[in-house]
Amino acid sequence: MLETLLTVFFVSLMVVGCLVTSSYFWEWFYQVPTSQDETAFFTTRDGWRLALHRYRPQGESEGLPVILCHGLGGNQHSFDLHGAPSLAPYLKSCGRDAWVVELRGSGASDRPGLCIANLPYSWGFDDHLECDIPAAIHYVLERTRASAVHWVGHSMGGMLAEAHIARHNDHRIASVTVIGSPADFSKINRPIFHPLLHFRWVLRFLPIAPMTFIAKASIPIIHRLPLALQGLFYPPNIDAAVAKRVVAIGSPTVMSSQLWLDFGRFLEMGKPADKNGTPYLKDLPASDVPVLLLSGSRDAMAPPASVCGAVNPEHDQGERKCFTFGRDAGCKEDYGHVDLLVGTNAETEVYPAILEWLRSRDDSSHQGSDKARPPCPALDEEV
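This text gives an overview of the structure that appears in the document. Note that this is a predicted model, so its numbers are computed, not measured. (Residues numbered from 1 in each chain as written. Predicted model: local features only at pLDDT ≥ 70, side-chain atom pairs only at ≥ 80, totals over all residues. Heavy atoms only, no water.)

1. So, the overall build of the chain
The cut-off we apply is this: Helix and strand definitions here come from DSSP, where helices need a minimum of 4 consecutive H or I residues and strands a minimum of 2 consecutive E residues; each element is numbered from the N-terminal end. Only protein chains enter the calculation, and the probe is 1.4 Å; a residue is then buried if its accessible area is under 20% of its type maximum, exposed if over 50%, and partly exposed in between. Contacts: residue pairs with any heavy atoms within 4.5 Å of one another.
The helix and strand inventory of the chain stands at 13 helices and eight strands. For the chain, buried positions account for 57% of its 383 residues. Intrachain contacts of the chain at a sequence separation of at least 6 include 78% that bridge at least 24 residues.

Shown next, in the form of structure tokens:
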């Protein structure tokens, strides 16, 4: 009996060691530079030091500053990935002042180490919502002296913005753009997340979520995995090398188990809600902040129906527009979860739609730009 237990222990230790070694190797192997003009740091009210990467406008500056926020397990590379379409440099080239925020635990922001840390290993959705988001908005407004900012969030980054304006109807935000951000979790294909729901009890005993280690270990074959298994991107619309870089360097190695447990709760309840069961988006219809919701036709993580679940036509006080990118909308290819940001066709199809929305929601002194806006889909045509 003792021999069996020792065998299981040492085999488990070897597997964990291989996963950790693989993660750090691929992160080193695929590391690429980013192109920000400066990196600034600010401190949240609970003492975390977070990074904001600024992309100063090229040529004549136009419009309000734009804050770009990554999703669960993301970082700066979500918007600035060498060798791939990248939204932050694109906005910079169009005269926008873009700021990429890295939430706690990601990128250059405070994050605990694998074995030794002077920071908590555990943080959740509420920490991002109550501390990180308000501090980032305050810092950008202080630095730029602008009257308001635009918020562009991918996945969880968009969910946080929706939850923020639902709670505060914050008019310091001129508009919100959510990209692949689920609001109705009952519309998500549950088999993809079955392991998360089934093994949540394990996460309660682990300080670090193992998902990143498993994903990075699969990098050599990640682009060949079917959509139902990898869930992140639609292979026909993303270069294999880009897909591997996204997994290798686009997420932190050490991730909070609590954050994953929060998403397990969202899946179980069918909607984003706090620990008391109160939906974060309960008061979103009362907010008059304009919201653009973008989804990918083949997004397994946030299907179009789950993204557009934030729209309530009968009760919405603010402007809401929901669009799906894919072949049915006239795009060159269908889109998955990450493709909306770094997919092969994102720069010519998704980015112009975002830019048009930002221009149309700037304050009156910045409206009226006549720069080309290639439609896919056109913003006056709902999909």
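2. Observations regarding the state of the cysteines
For clarity, the cut-off: Disulfide: a pair of cysteine sulfur atoms within 2.5 Å of each other.
Going through the model one piece at a time under the given rule, you end up with one disulfide. Across a sulfur-sulfur distance of 1.7 Å, cysteine 308 and cysteine 322 are joined as a disulfide pair. Here cysteine 308 and cysteine 322 share a disulfide; its torsion about the S-S bond, -70 degrees, makes the bridge left-handed. One end of the pair, cysteine 308, is in the loop between α11 (304-307) and β8 (320-325); the other, cysteine 322, is in strand β8, with 14 residues separating them in the sequence. According to the relative accessible area criterion, cysteine 322 is buried, its value standing at 9%.

3. Some points on the sheet that holds strand β2 (residues 49-55)
Which entries qualify depends on this criterion: Two strands pair under a simple rule: DSSP has to find at least two bridges between them. Axis angles are defined between N-to-C directions and span 0 to 180 degrees, where every axis is a line fitted to C-alpha atoms and, for a helix, only to the segment in contact.
As summarised here, the arrangement of the eight strands in space is β1-β2-β4-β3-β5-β6-β7-β8, forming an open sheet in which the pairing is mixed. Each of the sheet's edge strands pairs with one partner strand only, and the pair in question is β1 (38-43) and β8. The mean inter-strand angle of the sheet, taken between neighbouring strand axes irrespective of direction, is 20 degrees. As judged from the six bridges shared by β1 and β2, these two strands associate in the antiparallel manner. Following the sheet pairing, alanine 40 is matched in β2 by leucine 52. Helix α3 (residues 125-144) rests against β1, β2, β3 (66-69), β4 (98-102), β5 (149-154) and β6 (173-179) of the sheet, and its axis sits at about 125 degrees to β1.

4. A short note on the pattern of salt bridges
To keep things clear, this is the line we draw: For salt bridges, the criterion is a side-chain nitrogen of Lys or Arg within 4 Å of an Asp or Glu carboxyl oxygen.
All told, the structure shown has 19 salt bridges when counted by the stated rule. Residue glutamate 62 is joined to arginine 359 by a salt bridge in which the shortest nitrogen-to-oxygen separation is 2.9 Å. With glutamate 62 in the loop between β2 and β3 and arginine 359 in helix α13 (residues 346-360), this pair connects stretches of sequence that are 297 residues apart. No difference in accessibility class separates glutamate 62 from arginine 359, as the two residues are buried. In this structure, arginine 167 engages glutamate 130 in a salt bridge whose closest nitrogen and oxygen atoms are separated by 3.6 Å.

Distances and angles like these do not, on their own, reveal function.
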